[in-house]
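In case you want the letters, here they are:
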Amino acid sequence: MGFAEQRFNVNLSILFTELPLLERPAAAAAAGFTAVELWWPWADTPTPRQRELDGLRTAIEDAGVRLTGLNFYAGQLPGPDRGALSVPGEESRRFRANIDVAAGFAQSLGCTALNALYGNRVDGVDPAEQDALALENLALAARAADRIGATLLIEALNRPESPKYPLVSAPAAVGIVDKVNAATGLGNARFLMDLYHLSMNGEDLPSVIDRYASRTGHVQIADNPGRGAPGTGSLPLEDLLDRLGKAGYEGWVGLEYKPGDRPSAAAFDWLPR
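Bear in mind that the values here come from a model prediction, so they are computed numbers and not experimental data.

Caption draft 1: Region of the structure containing the environment of Ala183. Its place among the elements puts Ala183 in helix H5 (residues 170–184). Ala183 sits 41 residues away from Ala142 along the chain, and the two C-alpha atoms are 9.8 Å apart.

Caption draft 2: Representation of the packing of aromatic side chains in the model. A full pass over the atoms with the stated rule returns 11 aromatic pairs. With centroids separated by 4.9 Å and ring planes inclined at 65°, the aromatic side chains of Phe3 and Trp270 adopt a geometry described as edge-to-face. A residue pair is termed long-range when its members are at least 10 positions apart, and Phe3 in the segment before strand E1 (7–11) and Trp270 in the segment after strand E8 (252–255) qualify at 267 residues. Across this residue pair, the class does not change: Phe3 and Trp270 are buried. Judged by centre distance (5.1 Å) and plane angle (70°), the rings of Trp40 and Trp42 are edge-to-face.

Caption draft 3: The arrangement of unusual backbone geometry in detail. A cis amide bond, omega 5°, links Leu77 with the succeeding residue Pro78. Tracing the backbone through its elements, the reader meets Pro78 in the loop between strand E3 (66–71) and helix H3 (90–108). The peptide bond linking Asn224 to Pro225 adopts the cis configuration, its omega dihedral lying at 5°. Tracing the backbone shows Pro225 in the loop between strand E7 (216–221) and helix H8 (237–246). Although it is not a glycine, Arg227 sits at a positive phi angle of roughly 55°.

Caption draft 4: Highlighting the packing of H3 against helix H4 (residues 127–147). One can describe the packing of H3 onto H4 by two numbers: an axis separation of 9 Å at closest approach and a directional angle of 10°. The angle between H3 and H4 falls in the class roughly parallel. For the pair H3 and H4, contact is made by Ser92, Phe95, Arg96, Ile99, Asp100 and Ala103 and by Leu133, Glu136, Asn137, Leu140, Ala141, Ala144 and Arg147, respectively. For the contact of H3 with H4, the class distribution of residues is 7 nonpolar, 2 polar and 4 charged.

Cut-offs and rules
Residues numbered from 1 in each chain as written. Predicted model: local features only at pLDDT ≥ 70, side-chain atom pairs only at ≥ 80, totals over all residues. Heavy atoms only, no water. Helix = DSSP H or I, 4+ residues; strand = E, 2+ residues; numbered from the N terminus. Phe/Tyr/Trp six-rings, centres within 6.5 Å; stacked < 30°, edge-to-face > 60°. Buried < 20%, exposed > 50% of the residue type's maximum accessible area, 1.4 Å probe, protein only. Axes fitted to C-alpha atoms, helices over the stretch in contact; angles between N-to-C directions. Parallel < 35°, antiparallel > 145°, perpendicular 65-115°, else oblique. Contact = heavy atoms within 4.5 Å. Nonpolar A, V, L, I, M, F, W, Y, C, P; charged D, E, K, R; others polar.

Treat this as a map of the structure, not an account of what it does.
Okay, here's the thing in structure tokens:
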């Protein structure tokens with residue numbers, strides 16, 4: 001199986017960023033992709049103007065690609081933030097204001113996977129207070145996702161690049177998945193397995209796959225070191241994806257890597273045609 005049997009989508013928040021946002025869906029289509037995913041595209045606001053939402057929706061529809069994944073508002077990402085939902089005060093309020101906006105935008109394009117980044121620890125705030133707020137907000141997000149028939153994704157990041165982010169292992173992220181599902185009774189929270197982040201944490205990737213493939217709602221990849229395309233580092237990504245397939249994973253695999261010192265369109269030479 002490996003690369004040949006996977007369904008790949010391209011993350012337009014890390015690839016094709018040399019182009020304006022509204023030109024990226026067409027560029028992905030021209031590169032041969034039928035599906036795309038996005039971090040929340042408006043880092044400065046959880047509630048963009050309707051014409052901005054309409055413009056991106058039209059760009060995706062006109063390109064003939066599917067939106068298969070979308071992040072909720074996550075603060076300044078790319079940037080110092082790693083989510084907003086566990087951050088007390090204004091950021092938590094901004095996350096809540098975004099829930100229905102993001103879910104509505106996803107629904108308008110048939111997107112059924114919504115990723116909610118947990119947020120960094122805040123100096124001087126009790127972690128237990130942040131965790132309680134996070135569970136409350138994640139339950140709201142899970143219910144909104146359920147209303148549109150979508151999955152809520154919970155992602156582990158990596159400690160070297162996100163030292164204040166508390167979910168830096170597969171078990172930690174899956175633990176939050178379990179808490180959200182218990183709180184809502186919906187069962188629509190799932191693990192986002194990003195093989196790059198997990199490798200940066202030094203996790204045993206075959207073991208993670210064997211243990212959590214059945215709990216996984218989405219997979220993302222980049223090579224390590226460098227967060228480049230497959231083949232630029234040392235991760236056996238083809239073997240790992242083969243293992244995922246044999247473990248029963250049939251979902252999309254998001255390409256969330258840096259193109260390096262070349263145009264994004266030239267960063268897919270490893271893909272089977």
